[in-house]
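Now for the letters of each chain:
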Amino acid sequence: MSTEKSLSMEKLQNKSKIYIYGEQHAVKSILDKEIEIWDSFYKTHNFKHLFLELPYYTAELLNIWMNSETDQILYTVYESWEGSLFHNPLMKDFFIEIKNEYPETIFHGTDIGHQYNTVGKYYLEYLSEHNLKDTEEYFLAKENIEQGEYYYSHVNNSAYREIMMVANFIREFNNLKSENIMGIYGASHTRINSMDTSQSVPSMINQLNKIYINQIYSEDLSELEKDIEPIRKDKITINDIVFDALYFGKRDLKGFKGLEYRAFWLLIDAYEHFKNAKKTGDVLPYNNYPMKVESNQVYIIEYKKTDNTSFRKYYKSDGKIWKNRPSTEEFILNDK
């Protein structure tokens, strides 16, 4: 059965509400907001089902842990995340808070089978040891592992992943019949009108929105990551003019075109000096910046290369929209 046919057959099977929140993974301000939202849904509206960007078997292990007297399973899952953004103490604290404050929470994992050789194998062994090998849980875990094997053997096929995330979500959601749910996923999966990261297929929520019509509410929380204060104020001289500049830190670029990192400054009251400067066509969307970006501002980005050399680029925000995203564009410094 084709994916399109199976999705169309699923329409109208569950008319409950779907509340989806997009995030940058392992960011404290975002995790705090997600806990705040879940607190309201759980305590005020009796929500129990929390959908996550995790494999099926990882969520099932966390459900077992929720009813366990020890944290052994949580630590096993946490260690399996080594090398990913989830391997961060903030994530461990997030789940411990869920267990302590919202103990009736039920997790649903709808991602493909990441960590299939570790936590996936561990879950199958757990089921076998408890005489649960001939169960739907075992079958779904095996299927999820196969999704992971396919994904990682085909050069991280993001279009395949997006399609499988949709199919897994539909299965979990429709099995609930009449329960409202909340979901937390990376922001790239949750933008209603967007494509996947390869620009090959519609994003997960874009596809789901065509199936669960008027049932989905989606909000991007990733901007909370940018609600930060500058680290310091510097003085930067350009064309013999001294500007105050707010430094917002650096972002890691290891493994990308021989770069180590890039650092960001906002030049204060600089736009009028450079608003007519010739632009190069090099566009950088707002989401690349660690802080909030506003119109009519000038930014300096310093790139550090792995050979220990560095160079600077100058960008201005003048309302340019690129691929439906507000963006800055590089300008030529010496064009006065």
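Residues numbered from 1 in each chain as written. Predicted model: local features only at pLDDT ≥ 70, side-chain atom pairs only at ≥ 80, totals over all residues. Heavy atoms only, no water.

**Quick notes on the overall build of the protein**
Link 1 in the chain: The secondary structure content of the protein amounts to ten helices and 13 strands.
Link 2 in the chain: For the protein, the C-alpha atoms occupy an extent of roughly 75 × 45 × 40 Å along the three principal directions.
Link 3 in the chain: Buried positions account for 48% of the 336 residues belonging to the protein.
Link 4 in the chain: Expressed as a percentage of contacts within the protein between residues at least 6 apart in sequence, the contacts between residues at least 24 apart total 69%.
Link 5 in the chain: When the accessible surface of the protein is summed, it comes to about 17300 Å², and 47% of that surface belongs to carbon and sulfur atoms.
Link 6 in the chain: When the 40 basic and 51 acidic side-chain charges of the protein are each reduced to a single mean position, those positions are 7 Å apart. (Helix = DSSP H or I, 4+ residues; strand = E, 2+ residues; numbered from the N terminus. Buried < 20%, exposed > 50% of the residue type's maximum accessible area, 1.4 Å probe, protein only. Contact = heavy atoms within 4.5 Å. Areas by Shrake-Rupley, 256 points an atom, 1.4 Å probe, with all protein chains shown as cover. Lys, Arg positive; Asp, Glu negative; His and termini not counted. Charge placed at Lys NZ, Arg CZ, Asp CG, Glu CD.)

**Structural notes on the confidence of the model for the protein**
Regions with low pLDDT should not have their predicted coordinates read in detail.
Link 1 in the chain: Predicted confidence across the protein gives a mean pLDDT of 91, with 95% of residues reaching 70 or more.
Link 2 in the chain: With pLDDT under 50 throughout, residues 1–12 is counted as low confidence; its partners more than four residues away or in other chains account for eleven contacts. (pLDDT = per-residue confidence, 0-100.)

**Comments concerning helix H7 (residues 136–153)**
Link 1 in the chain: Along its 18 residues, H7 runs 26 Å from first to last C-alpha, staying within 8% of the 26 Å computed at 1.5 Å per residue.
Link 2 in the chain: Of all the residues in H7, the buried ones are Tyr138, Leu140, Ala141, Asn144, Ile145, Gln147, Gly148 and Tyr151.
Link 3 in the chain: Those residues of H7 that are buried are in contact with strand S2 (49–55), helix H3 (56–66), strand S3 (106–111), helix H6 (116–129) and helix H8 (158–176).
Link 4 in the chain: Backbone geometry just downstream of H7 places Val155 in the positive-phi region, at approximately 50°. (Expected span 1.5 Å × (residues − 1).)

**Remarks on the packing of H3 against H6**
Link 1 in the chain: At a minimum axis separation of 9 Å, H3 and H6 run at an interaxial angle of 55°. Here H6 runs oblique to H3, going by the angle between their axes. Judged by the sense of rotation from one axis to the other, the crossing of H3 with H6 is left-handed. Contacts from Tyr56, Tyr57, Thr58, Glu60, Leu61 and Ile64 in H3 reach Tyr116, Val119, Gly120, Tyr122, Tyr123 and Tyr126 in H6.
Link 2 in the chain: Partitioning the contact of H3 with H6 into residue classes produces nine nonpolar, two polar and one charged. (Axes fitted to C-alpha atoms, helices over the stretch in contact; angles between N-to-C directions. Parallel < 35°, antiparallel > 145°, perpendicular 65-115°, else oblique. Left-handed = near helix turned anticlockwise from the far one by under 90°. Nonpolar A, V, L, I, M, F, W, Y, C, P; charged D, E, K, R; others polar.)

**A few points about helix H5 (residues 89–101)**
Link 1 in the chain: Between the first and last C-alpha of H5 there are 18 Å, a value that for 13 residues agrees with the 18 Å anticipated at 1.5 Å per step.
Link 2 in the chain: Taken together, the buried positions of H5 are Met91, Phe94, Phe95, Ile98 and Lys99. In a view along the axis of H5, the buried residues occupy a sector of 130°, so they form one face of it.
Link 3 in the chain: Buried residues along H5 sit against helix H2 (28–44), S2, H3, helix H4 (72–80), S3 and strand S4 (181–186).
Link 4 in the chain: The backbone nitrogen of Leu90 lies 2.8 Å from a side-chain oxygen of the residue at the head of H5, namely Asn88. (Arc of directions from axis to C-beta. Polar contact = N/O pair within 3.5 Å; in protein donor to acceptor, adjacent residues only side chain to side chain.)

**Quick notes on the environment of Lys279**
Link 1 in the chain: Tracing the sequence through the fold places Lys279 in strand S9 (residues 279–285).
Link 2 in the chain: With 35 residues separating them along the chain, Lys279 and Tyr314 place their C-alpha atoms 9.7 Å apart.
Link 3 in the chain: Leaving out residues up to four positions away in the same chain, Lys279 has contacts with Lys316, Asp318, Glu329, Glu330 and Phe331.
Link 4 in the chain: At a separation of 3.1 Å, a polar atom in the side chain of Lys279 contacts the side chain of Asp318.

**Remarks on the pattern of salt bridges**
For side chains bearing opposite charge, pairing can occur when the charged atoms are close.
Link 1 in the chain: Applying the stated criterion across every chain, the model contains 18 salt bridges.
Link 2 in the chain: Across the pair Glu143 and Arg171 runs a salt bridge, and its minimum N-O distance is 3.9 Å. In this pair, Glu143 is assigned in helix H7 and Arg171 in helix H8, connecting sequence segments 28 residues apart.
Link 3 in the chain: What makes Glu143 partly exposed here is its relative accessible area of 29%.
Link 4 in the chain: Overlapping salt bridges bring together Lys279, Asp318, Lys320 and Glu329 as one network. (Salt bridge = Lys/Arg side-chain N within 4 Å of Asp/Glu carboxyl O.)

**Overview of the packing of aromatic side chains**
Link 1 in the chain: If you walk through the whole model with that rule in mind, you get 27 aromatic pairs.
Link 2 in the chain: Between Tyr19 and Tyr217, the ring centres sit 6.0 Å apart and the planes meet at 50°, which makes this aromatic pair tilted. Here Tyr19 is found in strand S1 (residues 18–23), whereas its partner Tyr217 is found in strand S5 (residues 216–220), with 198 residues between them in sequence.
Link 3 in the chain: Its relative accessible area of 39% is what places Tyr217 among the partly exposed residues.
Link 4 in the chain: Of the aromatic side chains, those joined through ring pairs into one cluster are Tyr78, Trp81, Phe86, Phe94, Phe95 and Phe107.
Link 5 in the chain: The side chain of Arg312 reaches across the aromatic face of Trp265, ending 4.9 Å from its centre. (Phe/Tyr/Trp six-rings, centres within 6.5 Å; stacked < 30°, edge-to-face > 60°. Lys NZ or Arg CZ within 6 Å of the ring centre and 35° of its normal.)

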